[in-house]
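# Secondary and tertiary structure notes
Single-letter residue listing:
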Amino acid sequence: MARSQADGTAVKLLDHAESVMKAADGTLLAVGTTADRGAGVYRLSVADGKPTAGLIASSGQPGSTTPLTYTGHSVPATLGLDGVAKTRLGWKFSTTEADLSIELQRKGGGRFTTTVRPRETGTGVLPDGSLGFDWAGELGSGTYRSSAPAGEYEWTVTARPWNGMPAVTVSGTFTVIRSPQAHDYAGNGSPDLFARRANGDLDAIDTLWDDATGRLVVAQTRGSTVWTGDWNRYDRVEAVGDIAGSPAVDIVARDKAGSLWLHVGDPMATAEPVRIGGGWNTYTQLTGGSDLTGDGRADLVAVDTAGDLYLYTATGSTKAPFAPRKKIGYSWGIYNQLTATGNIGGGPAGDLVARDNDGKLWLYLGKGDGTFAPRTQIGGGWNVYTDIVGIGDANKDGRPDLYARSSTGTPAAYFYAGTGDWKVPFGPRTSTGVAVKDEGHETFYNGAF
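Numbering of residues starts from 1 in every chain and runs along the sequence as written. Selection of residues for local features in this predicted model requires a pLDDT of at least 70, selection of side-chain atom pairs for listing and counting requires 80 or more, and totals for whole chains, interfaces and linings are taken over all residues. Working from all heavy atoms in the structure, the side-chain values ignore hydrogens and water.

Naming follows an unreviewed UniProt entry, where the chain appears as VCBS repeat-containing protein of Streptomyces tanashiensis.

### A short note on the overall build of the chain
Helix and strand assignments follow DSSP, with helices taken as H or I runs no shorter than four residues and strands as E runs no shorter than two, numbered in order from the N terminus. Regarding its fold elements, the chain presents one helix and 36 strands. Along the longest, intermediate and shortest principal axes, the C-alpha atoms of the chain span 105 × 45 × 45 Å. Split into buried and exposed, the 449 residues of the chain put 47% on the buried side. Residues are treated as being in contact if the distance between any of their heavy atoms lies within 4.5 Å. Residue pairs at least 24 apart in sequence account for 44% of intrachain contacts in the chain once pairs closer than 6 positions are excluded. The accessible surface values rely on the Shrake-Rupley method and a 1.4 Å probe; as for residues, cover is taken only from the protein chains in view. Only carbon and sulfur atoms are counted for the fraction: they give 50% of the accessible area of the chain, which is about 20,400 Å². The centroid of the 41 positive side-chain charges in the chain is displaced by 1 Å from the centroid of its 48 negative side-chain charges. Note on exposure labels: buried denotes an accessible area under 20% of the residue type's maximum, exposed denotes more than 50%, and partly exposed covers the range between, all computed with a 1.4 Å probe on protein chains only. Only four residue types enter the tally: Lys and Arg on the positive side, Asp and Glu on the negative side; His and the chain ends are excluded. Working definition for charges: the position is that of NZ of Lys, CZ of Arg, CG of Asp or CD of Glu.

### Describing the pattern of salt bridges
A pairing counts as a salt bridge when a side-chain nitrogen of Lys or Arg comes within 4 Å of a carboxyl oxygen of Asp or Glu. Scanning all chains against the criterion turns up 13 salt bridges. What you see here is one network of salt bridges that share partners, running through E138, R145 and D210.

### Remarks on the pairing of strand 30 (residues 351–356)
Counting buried residues in strand 30 gives six out of six residues, a clear majority hidden from the surface. Every second residue of strand 30 is oriented toward a common face, with D351, V353 and R355 on one face and L352, A354 and D356 on the other, all of them buried. Here a strand pair is declared whenever DSSP counts at least two bridges between the two strands. Sheet analysis places strand 29 (residues 335–342) next to strand 30, joined by six bridges and oriented antiparallel. From the neighbouring strand, Q337 faces strand 30, where its bridge partner is R355.

### Some words on the side chain of T287
Tracing the sequence through the fold places T287 in strand 25 (residues 283–290). Residue classification places T287 among the buried positions, given a relative accessible area of 2%. Throughout this description, a polar contact denotes any pair of N or O atoms lying within 3.5 Å of each other; where both atoms belong to protein, one of them has to be capable of donating a hydrogen while the other can accept it, and for residues adjacent in sequence the pair is counted only when both atoms sit in side chains. Among the polar contacts listed, one links the side chain of T287 to the backbone nitrogen of A340, at a separation of 2.8 Å. If near-sequence neighbours (up to four positions away) are discounted, T287 is found in contact with E238, D299, L300, V301, L338, T339, A340 and L352.

### Overview of the confidence of the model for the chain
Low pLDDT marks regions whose predicted coordinates should not be analysed in detail. When pLDDT is averaged across the chain, the result is 88; 92% of the residues are at 70 or more. Known as pLDDT, the predictor's confidence for each residue is given on a scale from 0 to 100. Contacts from residues 443–449, a stretch scored under 50 in pLDDT, to residues over four places away or in other chains number 37 contacts.

### Structural notes on the nonpolar core
Counting residues in hydrophobic clusters, the biggest one holds 26 residues, and the most contacted among them are W91, L100, L104, F133, W135 and F174. Of all the elements in the fold, those that place two or more residues in this core are strand 9 (87–93), strand 10 (98–106), strand 11 (111–116), strand 12 (131–135), strand 15 (151–161) and strand 16 (168–177). In this structure L100 touches W91, F93, T114, T115, V116, L131, G132, V157, T158 and A159, once residues within four positions along its chain are discounted. Note on terminology: a nonpolar core comprises buried Ala, Val, Leu, Ile, Met, Phe, Trp, Tyr and Cys residues joined through side-chain atoms within 4.5 Å.

### Here we look at the sheet that holds strand 36 (residues 430–431)
Overall, antiparallel pairing links the four strands, which are arranged 33-34-35-36 in an open sheet. Since the sheet does not close on itself, it has two edges, and those belong to strand 33 (387–392) and strand 36, each with one partner. The sheet contact formed by strand 33 and strand 34 (residues 401–406) spans five bridges and is antiparallel. Among the inter-strand pairings, G390 is bridged to a residue of strand 34, identified as L402.

### Here we look at the side chain of S190
By the secondary structure assignment, S190 is in the loop between strand 16 and strand 17 (192–196). Side-chain polar atoms of S190 contact the backbone oxygen of T207, separated by 3.0 Å. Not counting the four nearest positions on each side in its chain, S190 is found in contact with S147, H183, D184, D206 and T207.

This is the structure in structure tokens:
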């Protein structure tokens, strides 16, 4: 733009300028672009008292010299990310010959940035003619990444056309929707793991499915959630899903006197625990997180010292979260670990896996009425693991998965992806990035400890 120093009148000379220099005759030479004459070297001078720009040498560059315009987007108003690996986001402009800078900002904190450069990468032009990318539902980048929690987001996109025309910036909003998951305490759809410190504090460590490596890793955030308090007073802690009607998932914990306490779902762990009842030290095994009765709430099962199996149906009440117990089996004392897995077999309700003293793993398919189909052996050699946890859907394929940890020798943990096939409910194991026992932590897993 040329602006009069006398009255402030402005005259547009070029649509875009890369550089301007003074010529020997007192005029200015500018390397730039106009929509009607294209890119090249322009002489900026004054004719009849008015500033003008004359093209004296064309660059000969092919392509449009029309200014870029924004025409719309294909970003949904709501993004349901349950069981979704990636969501396609796209923006339409008058040309695909442009690079994009994209920022997704969550209201309240956390953002994601990326770029789309079709000319350099050969990607970024979507089938509908828009420019965009497939979002993995994450915030952060590089070292610091985590799953994006539910909430309101704003997107800002800047398109820079290749022909040198001015960039265009547009913005909009969308809402991320996530349902409460059995092992998700951060509300971002990915399972969390517990790490109890020697001083009794409890770390809630968020996990992340790394698409690049196909592995379960620890989400790298700029701070971890630490639940302070004397968690050492408990000899059993179990993630049980939503049993009390709260918007988040819950925990039950048994103290050394045999009382069972409810910790209502609260990402900051500020809610006071509620005593459920006493006499729970009669049980050798507790597990929860599977809906065994088909009412939409996760239930609890327990094995007593006689080997009898009892069902505690969730009520949705904070004051009385379980209905009176119901005996649903016997001879379960042969198992040294029970794990509620959610629906891994494709049946009408949640399921259980049980490990016997020989290391064999057995699948109990839930019928939906609080009972199980006859057991099926699904593996052997599982006695190498200290903990077996139904971690929920960790790889974002919509099916519950399994996490197994060994604490003997070199600590290691493995991930078993759910298949949805009751005959072979889990795929081959893969290593995870959440295996190492942290210094100062007594335990590092999600389930009873």
